[in-house]
Amino acid sequence: MTGLRALTARGRSFLASGIAALVCAFLLGEHDLIRVAILIVALPLLAVMVVARTRYRLSCARRLDPSRVEAGNDSTVTLRLENVTRLPTGLLLIEDTLQYALGTRPRFVLDRVEAKGIREIDYKVRSDLRGRYSIGPLSVRITDPFGLVELARTFTATDTLVVTPQVIPLPYVRLSGEWAGGGDSRTRSVAAAGDDDVAPRDYRQGDDLRRVHWRSTARYGELMVRREEQQWQSRGALLLDTRRPAHRGEGPRSSFEVAVSAAASIGVHLSHEGLGLRLVTDQGPQQLMEGGVQASLLDTLAVVRNSQARSLSNGIAGLRQGGGEGLIVAVLGALDLDDAQSLARLRHGHMTGVAVLLDVATWEGGSEGEVSPEHEQAQAVLAASGWRVLRLPAGVSLATIWPDAAYKRSAA
């Protein structure tokens, strides 16, 4: 019965006509009409059998290139459909499932796939909105050459496309006068790091003789070697303000999306400089996804959403819990005086603080020079405590203002 339900209107018409002709042939005693009736009835039934056999012997695979793409860029989806039977297929109607943000569902028609044949189909997807998007499952409708039968097959496999925030290339600037280290690619000798490291250690079996410290050997009367060089990596924190009340606008050009893009751009830029980075929002520290610093940061920022928080207190507490950072970069929306004072108290000693302060009034149609009194006070509080404040109005690229974050000896 499942196969009979797959009959198209044409197939049902053939079957009804054949049955009617068969009844008339018996009533009228026309033997030739019986042969015609049997042929008309048999044709859609044979089509059902052939199509039903083909239905369950198709395999499908999908490939995304790339599987992680920046917002506004294309990704190519390749569908690989294989006929694993010894019979050719009929007409194939193919439709892949896409989420609304990726565009309309792609549809294709394949006239015929020969026995053991393979077909590959490419199409492009694009989203101006960051996020993780599911692609699939693929549905295939199979018809016979006469259009009598149509059977649907839906595959279960899906793939995920990650659309990351837009990353703006930033110019190199010296952010600090002295960092705790130089990143993964830079080393320094432990012997130069402090009093405890000055003294060489005893020689151990297998140590390279080129590392023998002859002055200490003569002094102690036994073989001494210099300590190994160790990797030192600078550490930093990136604070992203996701509070809904702190942002203005909707869609890809809202102040929130600009803030996410700015955080991604700064994070990628600093990771290229060898900085060990952690991400904190107003909700607290964020667990970065698996992978390298850059990939995990972008994957995490791809799915970050507005929060309903009204204060940065949880984020500031998360920054304090980490400790050890030589650099904090904060990407902030509308900031009140209390949060500004709490951020100001974070900076101490030689720690570098950079605040990218979005001028959210310009997202409401205000002029570029217009700043609310509370916003101006918050900016003054941060600047007075040694933070380097970068004001970012709507329509201005982060790369334009980023040089203002440079280290200046007079500001130490």
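Residues numbered from 1 in each chain as written. Predicted model: local features only at pLDDT ≥ 70, side-chain atom pairs only at ≥ 80, totals over all residues. Heavy atoms only, no water.

**A look at the sheet that holds strand β3 (residues 74-83)**
For step 1, the next point in the chain: If you trace the 3 strands from one edge of the open sheet to the other, you get β1-β3-β6, paired in antiparallel fashion. Strands with a single pairing partner mark the edges of an open sheet, and in this sheet they are β1 (58-65) and β6 (118-126). Across this sheet, the average inter-strand angle for adjacent strands is 20 degrees, counted without regard to direction. (Pairing = 2+ DSSP bridges. Helix = DSSP H or I, 4+ residues; strand = E, 2+ residues; numbered from the N terminus. Axes fitted to C-alpha atoms, helices over the stretch in contact; angles between N-to-C directions.)

**A few points about the environment of A259**
For step 1, the next point in the chain: Mapped onto the elements of the fold, A259 is located in helix α6 (residues 255-272).
For step 2, the next point in the chain: As a C-alpha pair, A259 and V356 span 97 residues in sequence and 8.7 Å in three-dimensional space.
For step 3, the next point in the chain: Those residues in contact with A259 that sit more than four places away from it in its chain are L240, H247, V331 and L358. (Contact = heavy atoms within 4.5 Å.)

**Considering the packing of α6 against helix α7 (residues 293-302)**
For step 1, the next point in the chain: Contact geometry for α6 and α7: axes closest at 9 Å, N-to-C directions at 170 degrees. By the angle class used here, α6 and α7 are roughly antiparallel. Contact with α6, carried on its side by V260, A263, A264, G267, V268, S271 and H272, involves V293, Q294, L297, L298 and L301 of α7 and no other residues of that element.
For step 2, the next point in the chain: Partitioning the contact of α6 with α7 into residue classes produces 8 nonpolar, 4 polar and no charged. (Parallel < 35°, antiparallel > 145°, perpendicular 65-115°, else oblique. Nonpolar A, V, L, I, M, F, W, Y, C, P; charged D, E, K, R; others polar.)

**A word on the pattern of salt bridges**
For step 1, the next point in the chain: A full pass over the atoms with the stated rule returns 15 salt bridges.
For step 2, the next point in the chain: Measuring nitrogen to oxygen at the nearest pair gives 2.7 Å for the salt bridge that ties R119 to E114.
For step 3, the next point in the chain: The class for R119 is partly exposed, based on a relative accessible area of 24%.
For step 4, the next point in the chain: With its nearest N and O atoms 3.5 Å apart, the salt bridge here joins R243 to D339. You can see R243 sitting in the loop between β14 (235-240) and α6 and its partner D339 sitting in helix α9 (residues 337-346), a full 96 residues away along the chain. Across the pair, D339 and R243 agree in class, each one buried.
For step 5, the next point in the chain: Via salt bridges that share partners, R62, D96 and D159 belong to a single interconnected network. (Salt bridge = Lys/Arg side-chain N within 4 Å of Asp/Glu carboxyl O. Buried < 20%, exposed > 50% of the residue type's maximum accessible area, 1.4 Å probe, protein only.)

**Focus on the environment of H348**
For step 1, the next point in the chain: Its place among the elements puts H348 in the loop between α9 and β18 (352-358).
For step 2, the next point in the chain: As for H348 and G326, which are separated by 22 residues in sequence, their C-alpha atoms are 9.9 Å apart.

**Regarding the nonpolar core**
For step 1, the next point in the chain: Counting 37 residues, the largest nonpolar core has I266, L301, V331 and W402 as the members making the most contacts within it.
For step 2, the next point in the chain: Among the secondary structure elements, those contributing two or more residues to this core are β14, α6, β15 (276-281), α7, β17 (327-332), β18, β19 (388-392) and α11 (398-401).
For step 3, the next point in the chain: With 9 residues, the single largest contributor to this core is α6.
For step 4, the next point in the chain: Excluding its chain neighbours within four sequence positions, the residues that come into contact with V331 are L238, L239, L240, D241, A259, A262, A263, I266, V356 and L358. (Core = buried A, V, L, I, M, F, W, Y, C linked by side-chain atoms within 4.5 Å.)

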